[in-house]
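# Inside the fold
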Amino acid sequence: MKKICIFCGSSMGFNPIYKEKAAELGHVLADHGCELLYGGGSVGLMKIIADVMMERGCKVTGTITQHLLDMRVGHPEINELIVVETMADRKKILEDMADGFIALPGGIGTMDEFFEAYVLSQLRVFDKPVALFNVNGFYDGIVSFIDHIAEEGFMHKEHANSLIVSSNPEELLEKMAQFQPIDMKKWVVEIKEQVGGLR
């Protein structure tokens with residue numbers, strides 16, 4: 001994997017560990033020769049990881065809406081800043097360009113980006129790994145809820161297990177490199193059989 005898309009907060013969070021771990025992930029990505037794709041911001045954890053990777057000589061590409069650029073939160077120093085009209089356009093470009101996705105701690109926008117990538121991976125729209133960088137147990141609740149969805153029969157267990165989760169950046173990248181997409185045919189057949197059983 002060469003191009004890694006990062007979803008993360010436009011805030012730093014209250015605990016300094018989020019800032020520290022964002023920088024650590026940036027260094028690990030640089031060590032592995034990765035390029036960074038992200039939301040193009042100059043604020044929050046987005047700025048931390050972008051700055052670290054630029055300092056390490058890595059290519060950094062951001063995609064930002066004109067609305068956010070007008071609010072002067074675009075990063076003026078990255079290698080490339082792609083300006084689009086809508087958030088949907090922004091996500092589509094990142095999804096098309098990336099080889100894999102990592103969500104750091106963040107807010108609702110980060111959740112929106114993460115879940116869209118996770119769904120596209122589940123549906124085999126693309127065969128790319130999706131990962132949660134679970135800093136300070138930030139995503140424990142999300143992981144538990146995804147397990148609950150599978151346990152209640154609204155998601156195939158294999159899809160729940162395909163989500164990559166780690167608090168260690170090296171382990172995260174190693175698991176992403178080993179990612180194998182799930183065969184859709186099996187669970188589509190099971191869903192159809194459930195419908196047939198109700199007739």
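Higher on the page you've got the structure.
Not measured: the values here are computed from a predicted model. (Residues numbered from 1 in each chain as written. Predicted model: local features only at pLDDT ≥ 70, side-chain atom pairs only at ≥ 80, totals over all residues. Heavy atoms only, no water.)

### Considerations on the sheet that holds strand β5 (residues 100-103)
Within a sheet, adjacent strands bond to each other through the backbone by hydrogen bonds, running parallel or antiparallel. Spatially, β4-β3-β2-β1-β5-β6-β7 is the arrangement adopted by the 7 strands of the open sheet, whose pairing is parallel. Each edge of the sheet is formed by a strand with only one pairing partner; in this case those strands are β4 (80-84) and β7 (164-166). Ignoring strand direction, the axes of neighbouring strands in this sheet form an average angle of 20°. Against the sheet, helix α8 (residues 169-177) touches β1 (3-7), β5, β6 (130-133) and β7, its axis set at about 165° to β7. (Pairing = 2+ DSSP bridges. Helix = DSSP H or I, 4+ residues; strand = E, 2+ residues; numbered from the N terminus. Axes fitted to C-alpha atoms, helices over the stretch in contact; angles between N-to-C directions. Contact = heavy atoms within 4.5 Å.)

### Section: the pairing of β6
The side-chain alternation of β6 yields two buried faces, one formed by Val-130 and Leu-132 and the other by Ala-131 and Phe-133. As paired strands, β5 and β6 are joined by 3 bridges and run parallel to one another. In the sheet register, Ile-102 faces β6, and the bridge partner there is Ala-131. Handedness of the crossover joining β5 and β6 through helix α5 (residues 108-122): right-handed. (Buried < 20%, exposed > 50% of the residue type's maximum accessible area, 1.4 Å probe, protein only. Right-handed = clockwise from strand over helix to strand, strands pointing away.)

### Structural notes on unusual backbone geometry
The backbone phi angle of Arg-124 is positive, close to 60°, even though this residue is not glycine. Tracing the sequence through the fold places Arg-124 in the loop between α5 and β6. For Arg-124, a relative accessible area of 32% corresponds to the partly exposed category. At Asn-136, a residue that is not glycine, the phi angle is positive and equals roughly 60°. Turning to its location among the elements, Asn-136 is positioned in the loop between β6 and α6 (140-151). A relative accessible area of 48% means that Asn-136 is categorised as partly exposed.

### Things to note about the side chain of Thr-65
With respect to the element layout, Thr-65 can be found in strand β3 (residues 60-65). Once you skip the residues sitting within four places of it in the chain, Thr-65 turns out to touch Val-83, Val-84, Glu-85, Thr-86 and Met-87.

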